[in-house]
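The residues making up each chain are set out below.
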Amino acid sequence: MSESQTVDATGAAENSGNAQPAGPKVKQPIGLFTLSSIEMWERFSFYGLQVILAYYIYYSAGDGGLGLTEAEALAIAGAYGGVVYLGQPVGAWFADRLVPARTMVMAGGVIIMAGHISLAVLPGITGLLTGLALITIGTGALAPNTHAMVGRLYKEQSPRRDSGYAIFYTGILIGALFGPLATGYLQVELGFHYGFGAAAVGMAIGLITYFLGRNTVPTESRIVPNPVSSAGRLKAAGFGIAVVAAVAVLMSTGIMSTGNLNNYVLGTILVVSVVYFVVMLRSKKVTADERLKVKGFIPLFITGAIFWTMILQLFTTFAVYADTRVNLNIGSYSMPAAYISTFEVVAGIIAGPIIAAYGQKLAVRTNRKVPSTTSKLALGFVLMTLTFGLFAVFPLLFTGRIPLIPVIIGMIVMGITEVMYAPIGMSVASQLSPVAFNSQMMALWGLTAAAGASLSGFMGQLYSGTNEVGFFTLMTVISLLTAAFLYGLRGPLRRLGVA
């Protein structure tokens, strides 16, 4: 098949150029699996790095690390997560204005692989900064454009869209499972740099699969939808040079350091997010109806940032928690601390397809009331409330280190929480996207993860074994209030066209 299919509400598929006969066997477009594959391997490399990054930074040189403080490690890990997602609007802008999305995805994968190779072969802080910088650039090019291309596989208001994103997200979770398993094992057995090398191999496999299936992605991804003028290119180049120069000056003068880097990252994320909203709301290429949808996305952006702050503590708060508070021994076997996050991912992998199948089953039943998309988001936060509530209670039930089984249960609930919320959030961003800003709207959704990653770094610094009951109770209350807020948005968002 040379062109990607578009699936409508009845399951009929049609190409943008040639109609395909409808039939009961048509479930999801082939391009969905091509895009899921490249994203799966990108997440393999990304999460494989994330689970050992903080340990690499604060472990002593004798243990293969850089020997920085725990606070610096959590600040850098949070800042890195924020910068990775902050780079996505740039990649989305390139796809909308300069380079076709299909090409951006391929280029991003190559740059990510180069970043992991740098981490594997270059020693010390130099290797760390070079590798993280390349991965940031590559992820910015790849991630928002794969997400946007998934949205283009479906007609507007298609009931199969949510299920498609759930399938896509399952691919993300598979990568998020096997990446940490590979790098965590290699880090313990051979050293950190072997773990970084495994992430590079994973990305190479992803590039091969994407290249072989490149003709199944949406035909729109082969063109630039909103080309920038020559003058605009010069302005963009000048802005990019100015940003790089400013960062170089701040770093060289010591104004920006590893200790306060996350402050700058979070501030930048907030400024960029505001600018994005202002540009879309004022653009002449955005219709009046689309402008209302962009306004409706503002509260979802805020709640999305809260959601990712909770989930991405897997790599900050829970990284320290696993290393210092959990009994990782199973008989004579001592499980690597990096493996704790894999239980969250396994739960998501199992629950994701079940949730997607059930949602698709409801979508084709005309006599069955389907929960609104916003209600699904609110339910995700109800489960998040349960997750942090469990961790608030654990210290009251157990003395000393927390047994592994209760922690695994908490991770399972968190994994179900993630697949209840995250793919639906992507779907909503796609539904509310203006035509002229499709990729950039998905990048704006990515900025919720950027803000969450950065904030998770601050949360990790606030957490300690002596205040964990209060800390996890605070997270529980925030989750519950957010669930109530989202539930109250059901009516207004339905009127804006959110299913």
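Residue positions are given per chain, counted from 1 along the sequence in the order it is written. Note on the predicted model: pLDDT of at least 70 is required for a residue's local features to be given, and 80 or more for side-chain atom pairs to be given and counted; whole-chain, interface and lining totals, by contrast, use all residues. Side-chain metrics rest on all non-hydrogen atoms present in the structure, leaving aside hydrogens and water.

*Asks:* Is there a simple way to explain the packing of aromatic side chains in this structure?
*Replies:* Working definition: an aromatic ring pair is given by the centre-to-centre distance plus the angle between the planes. Working definition: rings of Phe, Tyr and Trp (its six-membered ring) pair if their centres are within 6.5 Å, and the pair is stacked with planes under 30 degrees apart, edge-to-face with planes over 60 apart, and tilted otherwise. A full pass over the atoms with the stated rule returns 32 aromatic pairs. Ring centres 5.3 Å apart and planes at 55° place the aromatic pair Trp-41 and Phe-44 in the tilted group. Of this pair, Trp-41 and Phe-44 both sit in helix α1 (residues 30-58), 3 residues apart, which is roughly one turn of that helix. Phe-44 matches Trp-41 in its accessibility class, with the two residues each being buried. Over the aromatic face of Phe-211 sits the side chain of Arg-214, whose NZ or CZ is 4.0 Å from the ring centroid. Here a helix means four or more residues in a row that DSSP labels H or I, a strand means two or more in a row labelled E, and each is numbered from the N terminus. Relative accessible area decides the class of each residue, using a 1.4 Å probe on protein chains only: under 20% of the type maximum gives buried, over 50% gives exposed, and in between gives partly exposed. In this analysis the charged atom, NZ for Lys or CZ for Arg, is taken to sit over a ring once it is within 6 Å of the ring centre and within 35 degrees of the ring normal.

*Asks:* Before we go on, may I ask you to explain the confidence of the model for the protein chain in this structure?
*Replies:* Any segment with low pLDDT has predicted coordinates that should not be analysed in fine detail. On a scale of 0 to 100, pLDDT captures the predictor's confidence in every residue. Overall, the predicted model of the protein chain reaches an average pLDDT of 82, with 90% of residues at or above 70. Any two residues having at least one pair of non-hydrogen atoms within 4.5 Å are treated as being in contact. Predicted confidence for residues 1-26 stays below pLDDT 50, and this span has 59 contacts to residues more than four positions away or in other chains.

*Asks:* Teacher, can you tell me more about helix α3 (residues 88-97) here?
*Replies:* Along an α-helix, residues three or four apart share an orientation, since each turn contains 3.6 residues. Within α3, 7 of the 10 residues are buried, which leaves it mostly tucked inside the rest of the structure. Gln-88, Pro-89, Gly-91, Ala-92, Ala-95, Asp-96 and Arg-97 are the residues of α3 that are buried.

*Asks:* Sorry, what's going on with the side chain of Thr-216 here?
*Replies:* With respect to the helices and strands, Thr-216 occurs in the loop between α7 (192-212) and α8 (230-253). Assessed through its relative accessible area of 12%, Thr-216 is described here as buried. Identification of polar contacts relies on pairs of N or O atoms within 3.5 Å, with a donor-acceptor requirement for protein atoms, meaning one able to donate a hydrogen and the other able to accept it, and with residues adjacent in sequence counted only if both atoms are side-chain atoms. Within polar-contact distance, the side chain of Thr-216 engages the side chain of Thr-34 at 2.6 Å. A distance of 2.7 Å separates the side chain of Thr-216 from the backbone oxygen of Gly-213, its partner in a polar contact.

*Asks:* Before we go on, may I ask you to explain the nonpolar core in this structure?
*Replies:* Side chains of a nonpolar character, in soluble globular proteins, are inclined to be buried together. Nonpolar cores were defined as sets of buried Ala, Val, Leu, Ile, Met, Phe, Trp, Tyr and Cys residues, with membership established by side-chain atoms within 4.5 Å. Ranked by size, the top nonpolar core spans 129 residues in total, and within it Tyr-55, Phe-297, Trp-308, Tyr-321, Leu-444 and Phe-472 carry the most contacts. No other element matches α1, which puts 14 residues into this core. Ignoring any residue separated from it by four or fewer positions in sequence, one finds Tyr-55 in contact with Phe-192, Ala-319, Ala-322, Asp-323, Ala-337 and Ala-338.

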